[in-house]
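Listed here are the chains, written in short residue letters.
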Amino acid sequence: PKTIFSGIQPTGVPHLGNYLGALRQWVTLQSEAAKDTTLVYSLVDLHAITVQQDPKQLQQWKKESLAMLLAIGLDPNKSTIFHQSDIPAHAELMWILSCQASTGYLGRMTQWKDKTANEKDSSKKLKLGLLSYPVLQAADVLVHRATHVPVGHDQAQHLEFARELANGFNHTFGGDVLIPPETLISPARRVMSLKDPMAKMSKSHPNPNSRILLTDSEETIRRKIKAAVTDSMDGITYDPEGRPGVSNLIDILYHSDAHPAYSSQDELAKDLADLSMRELKDRVADTVETSIKHIRASYAHFLHDNDHLDSVAAQGAEKAAKSAAITMKAVKSAVGLS
Ligand code: TYM
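Residues numbered from 1 in each chain as written. Predicted model: local features only at pLDDT ≥ 70, side-chain atom pairs only at ≥ 80, totals over all residues. Heavy atoms only, no water.

- Under an unreviewed UniProt entry, the chain has the name Tryptophan--tRNA ligase, mitochondrial and belongs to Friedmanniomyces endolithicus.
- In its Sequence similarities (unreviewed entry) section, UniProt records this for the chain: "Belongs to the class-I aminoacyl-tRNA synthetase family."
- Quoted verbatim from the Catalytic activity (unreviewed entry) heading of the UniProt record, the comment on the chain is "tRNA(Trp) + L-tryptophan + ATP = L-tryptophyl-tRNA(Trp) + AMP + diphosphate + H(+)". (UniProt positions renumbered as here; feature names shortened; annotations may be inferred.)

Description of the nonpolar core
And then number 1: Ranked by internal contacts, the top residues of the largest apolar core, which has 55 residues, are Leu-69, Ile-72, Leu-280 and Ile-292.
And then number 2: Of the residues forming this core, the biggest block, ten residues, is contributed by helix α12 (residues 277-303).
And then number 3: Shared between two domains, this core holds at least three residues of each, these being domain 1 (2-191 + 306-335) and domain 2 (215-301).
And then number 4: With residues near it in sequence (within four places) discarded, Leu-280 still touches Ile-236, Val-246, Leu-249, Leu-253, Leu-272 and Leu-275.
And then number 5: With 38 residues, the next largest nonpolar core counts Ile-96, Met-109, Val-135 and Ala-320 among its residues. (Core = buried A, V, L, I, M, F, W, Y, C linked by side-chain atoms within 4.5 Å. Buried < 20%, exposed > 50% of the residue type's maximum accessible area, 1.4 Å probe, protein only. Helix = DSSP H or I, 4+ residues; strand = E, 2+ residues; numbered from the N terminus. Domains from an automatic or database assignment. Contact = heavy atoms within 4.5 Å.)

A closer look at the site of the ligand
And then number 1: Of all residues adjacent to the ligand, which total 27 residues, the nearest are Gln-9, Tyr-133, Asp-140, Asp-154 and Val-191.
And then number 2: A distance of 2.9 Å separates an oxygen atom of the ligand from a polar atom in the backbone of Gly-152.
And then number 3: Within the side chain of Asp-154, one N or O atom sits 2.4 Å away from an oxygen atom of the ligand.
And then number 4: Protein chains bury 95% of the 710 Å² of accessible surface belonging to the ligand in isolation.
And then number 5: For the shell around the ligand, the elements supplying multiple residues, two or more each, are β1 (3-8), α1 (16-32), α7 (128-143) and β4 (148-151).
And then number 6: Looking at the shell around the ligand residue by residue, the class counts come to eleven nonpolar, eleven polar and five charged. (Near = heavy atom within 4 Å. Polar contact = N/O pair within 3.5 Å; in protein donor to acceptor, adjacent residues only side chain to side chain. Areas by Shrake-Rupley, 256 points an atom, 1.4 Å probe, with all protein chains shown as cover. Nonpolar A, V, L, I, M, F, W, Y, C, P; charged D, E, K, R; others polar.)

Considerations on the pairing of strand β3 (residues 79-83)
And then number 1: With five of five residues buried, β3 is to be regarded as a mostly interior element.
And then number 2: Side-chain alternation along β3 places Ser-79, Ile-81 and His-83 on one buried face and Thr-80 and Phe-82 on a second face that is also buried.
And then number 3: Both strand β2 (residues 38-43) and β3 contribute to a ladder of five bridges, which runs parallel. Bridge assignment links Leu-43 to a residue of β3, and that residue is His-83. (Pairing = 2+ DSSP bridges.)

Considering the packing of aromatic side chains
And then number 1: Inspection of the entire model under this criterion finds three aromatic pairs.
And then number 2: Each ring, one from Trp-26 and one from Tyr-41, has its centre 4.6 Å from the other, and the planes form 5°; the classification is stacked. With Trp-26 in helix α1 and Tyr-41 in strand β2, this pair connects stretches of sequence that are 15 residues apart. (Phe/Tyr/Trp six-rings, centres within 6.5 Å; stacked < 30°, edge-to-face > 60°.)

Listed below in structure tokens is the structure:
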């Protein structure tokens, strides 16, 4: 039996990188799931507060993010969908794991180094929660005994850390209390920013034109893709190092197409070779629009059904609490807490 677990921060409308890199896989895994596969997907609000959030805004984002998980096609009868903070076991296991986690290892994590690079001169601003963020993420997957975790490339290091924590815990306390999970990196592992193709597409980038949101209108999608940074070389070729902007558009086209007729981006690029940049962009915009328009429509529907959203969250929390309780019992007994 498999258990799939993954999470997304409820910090705004998910973008095309979130979708192609993670969310779409969640839905595929749901539709391909065997009878003995358990699917658990969390809106990780405790992770969201590692940076300052406006409380009203966060509340609204949690609701929108839940509506979005339904809109992409997650079915609460097939998948457990819940808000992380509804299940105290996540934070509780995090504390127990914190007592095993090396601060040296945490300090070397890419995300910590990136986020702290700009704040070198003011260690007062660097919060403990940001350093221990990967320990909470480890608790998320371990508390539900996940065997597989579908994510984009940027989460691979965090999951490597989770495996090491699990193995270390088992080694220290004996037995196989925690299950080291496998990382499932999606084929669209790293969708890049439309404005800076050397950086990943991200929710927090100040320029909204750097990302396509799953709620963007067709017009907005076209406008943003038209304005994407490319280059002035003739013809279309796939060369992520030399032509990052064009190659990102080819990647987006390749991964957005629901019925890919090509076995690789190189093969696709050969068929695009004679297009102008404008024609390439039109084609990318058409394909993106086709692949996400159903989400936009469905999102608008779910967002206004408050009763349904509340009942999905309650149903998810009930299932998640049961799942987490099994692990907490074993962990507490292994450590000598009960
Ligand atoms: P988050 O909320 O930043 O992103 C959610 C998912 O989207 C993927 N992703 C991308 N994939 C490809 N290209 C991009 N530009 C891109 N941007 C984001 C991420 O890899 C992720 O899969 N720490 C996690 C949330 C988390 C989690 C977990 C994930 C908390 N606990 C346990 C898995 C298991 C995060 O901040 O993801």
